[in-house]
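# Per-entry structural report
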Amino acid sequence: MNTVAIVPAAGKGLRANLGKNKLLAVLDGKTVLERTLCALSSSPLISHIIVVVQQNDFDAVQELCTRIPTPSSLVLGGQTRTQSVANALSLVGDADIILVHDGARPYVTKEVIARCVNGAKENGSAIAAVSPVDTIAVTEGGVITQTPNRDALVCVQTPQAFRAKELQRAYQQVQPTDVFTDDASVYAKYIRAPYVVEGDRTNVKLTHQNDFAIGGAYYCGTGFDVHPLVENRPLVLGGVNVPHDKGLLGHSDADALTHAVMDALLSAAALGDIGKHFPDTDPTYKGADSIELLKHVVAMLREKGVAIWNVSATLMAQRPKLAPFIPQMQDVLSRACEIPACRVGIGATTTEGLGIVGQGQGIAVHATALIVKEN
Ligand code: MG
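Residues numbered from 1 in each chain as written. Predicted model: local features only at pLDDT ≥ 70, side-chain atom pairs only at ≥ 80, totals over all residues. Heavy atoms only, no water.

The next point concerns the nonpolar core. Within the largest apolar cluster, 50 residues are counted, with the highest numbers of intra-cluster contacts made by Leu237, Leu257, Leu265, Leu294 and Met329. Elements that contribute at least two residues to this core include exactly strand E13 (235–237), strand E14 (240–242), helix H8 (256–268), helix H10 (290–303), strand E16 (306–316), helix H11 (326–337), strand E17 (344–349) and strand E18 (362–374). With nine residues, H8 is the single largest residue contributor to this core. With residues up to four places along the chain from it excluded, the contact list for leucine 294 reads Thr258, Val261, Met262, Leu265, Leu333, Ala336 and Cys337. By size, the runner-up hydrophobic cluster in this structure holds 36 residues, among which are Leu33, Leu74, Ile97 and Ala161. (Core = buried A, V, L, I, M, F, W, Y, C linked by side-chain atoms within 4.5 Å. Buried < 20%, exposed > 50% of the residue type's maximum accessible area, 1.4 Å probe, protein only. Helix = DSSP H or I, 4+ residues; strand = E, 2+ residues; numbered from the N terminus. Contact = heavy atoms within 4.5 Å.)

When E16 meets E17, the two strands line up parallel, connected through six bridges. Bridge pairing links leucine 315 to alanine 348 in E17. In this view, the connection linking E16 to its parallel neighbour E17 by way of H11 has right-handed handedness. (Pairing = 2+ DSSP bridges. Right-handed = clockwise from strand over helix to strand, strands pointing away.)

Let us look at the coordination of the magnesium ion. Within the protein, the magnesium ion binds to Asp225 (OD), His227 (NE2) and His259 (ND1); these donor distances fall in the range 2.1 to 2.2 Å. Read N to C, the donor residues that coordinate the magnesium ion are spaced as D-x1-H-x31-H. Placement of histidine 227 in strand E12 (residues 216–231) and of histidine 259 in helix H8 is noted, with a sequence separation of 32 residues between them. Taken as a pair, histidine 227 and histidine 259 share a single burial class, namely buried. (Donors = N, O, S within 2.8 Å, 3.2 Å for Na, K, Ca; no water.)

The final tally for this structure, using the stated rule, is 13 salt bridges. Where arginine 163 meets glutamate 166, a salt bridge forms, and the shortest distance between an N and an O atom there is 3.8 Å. Arginine 163 gets classed as partly exposed once you look at its relative accessible area, which sits at 32%. What makes glutamate 166 buried here is its relative accessible area of 8%. Notably, a salt bridge pairs glutamate 338 with arginine 302, separated by 2.8 Å at the nearest N-O pair. With a gap of 36 residues between them, glutamate 338 in the loop between H11 and E17 and arginine 302 in helix H10 connect regions that are remote in the sequence. (Salt bridge = Lys/Arg side-chain N within 4 Å of Asp/Glu carboxyl O.)

Pairing between strand E8 (residues 138–140) and strand E9 (residues 143–146): three bridges, direction antiparallel. Within the sheet, the bridge partner assigned to threonine 139 lies in E9 and is isoleucine 144. Hairpin connection between E8 and E9: a loop of two residues separates the two successive antiparallel strands, and glycine 141 in this loop has a positive phi of roughly 60°.

The next subject is the sheet that holds strand E11 (residues 196–198). Read from one edge to the other, the open sheet built from seven strands follows the order E5-E4-E1-E6-E10-E7-E11, with strand pairing classed as mixed. Of all the strands in the sheet, the pair left with one neighbour each is strand E5 (72–76) and E11. The average undirected angle you get between the axes of adjacent strands in this sheet is 25°. Bridge count for strand E1 (residues 3–8) against strand E6 (residues 97–100) is four bridges, and the pairing is parallel. Each bridged residue has a counterpart across the sheet, and for threonine 3 the counterpart in E6 is isoleucine 97. In this fold helix H1 (residues 32–41) packs onto E1, strand E4 (48–53) and E6, with an angle of close to 160° to the strand it touches most, E4. (Axes fitted to C-alpha atoms, helices over the stretch in contact; angles between N-to-C directions.)

Let us look at unusual backbone geometry. Residues threonine 158 and proline 159 are joined by a peptide bond in cis, for which omega reads 5°. The topology assignment puts proline 159 in strand E10 (residues 155–163). Proline 320 follows arginine 319 through a cis peptide bond whose omega is -10°. When you line up the elements, proline 320 lands in the loop between E16 and H11. Phi at glutamate 352 is positive, roughly 55°, even though this residue is not glycine.

Attention now goes to H10. Between its terminal C-alpha atoms H10 stretches 20 Å, which fits the 20 Å expected from 14 residues at 1.5 Å a residue. Within H10 the residues assigned to the buried category are Ser290, Ile291, Leu293, Leu294, Val297, Val298, Met300 and Leu301. Taken around the axis of H10, the buried residues stretch over an arc of 165°, which confines them to a single face. Buried residues in H10 make contact with H8, helix H9 (274–277), E16 and H11. Of the residues that open H10, the one with a side-chain oxygen 3.0 Å from the backbone nitrogen of isoleucine 291 is aspartate 289. (Expected span 1.5 Å × (residues − 1). Arc of directions from axis to C-beta. Polar contact = N/O pair within 3.5 Å; in protein donor to acceptor, adjacent residues only side chain to side chain.)

Here is the structure:
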């Protein structure tokens, strides 16, 4: 089976406001597009990659393509994403499967690519998607008119893979008045309802300036917090309710993980600490949801021209076992920090029965954060 990947990279990326194609912005020493191409190239299932570019970027992208092992070719984009993909389809030759993947999703994994390619072989189509965490509502004139059942909704990502002949047939029927934002919609309109496969929450589409954090200086910060474990209190860590016979005692919800993360962020930005901004003598913060306080810190940093790059934390607790709750904590913290979940690292350890943590008197958290300040 011959699988060709099409990578639309001809957009202008206006929402990123970088003054150039966001895909050519450097992220950790490599452009976003090179990272995406490397990720696709790491899959043995892809035999050829076609990159759709704008004329201005042609030379730069051609140079990038020489650095990836998978054979590749370039084609010029059209006025819309749909036209760009149509241009690439004219070059796919005798491919069996076509996999379309956004140039702005550099964190795609081999596993997601394999699910899409194998799904398309089996069913004709396979669209990567994840279930939404937020409630999604329909609005009209600023008011919510409908709240669809969340269980029926998915957030659609790329890759999106299709039997080549079917996708080509769909594109041959596209009308000038059609407006599509992805290939699943083209396929759905002209062939049949496409199948969904499990995507990955870390497979985010880099869209806004904050996703890039470019052109600034990096600062790191650390934070530490400890709260006593007592009966008749809920145990909240990273905004997640952890079932346990005891909970943390404090003026707010005593979410030590979120507190340590806030302190790390404030420290990195040299903006003091949470005691200064949210004093425990202030009744406003009695029983406060610490995630809301974290969002406040994030907004404060944004006002100062600071973007968050990543946060990392170590939970220290003898009991309960925290590992099963870590993915959910990553998810909640990443949303509050407005960064992808793959940039929130959380580990958990016991202290082998030693000290206040080991004897079950409390839970302690150490956190670090890296921020980028605009020059
Ligand atoms: Mg605290």
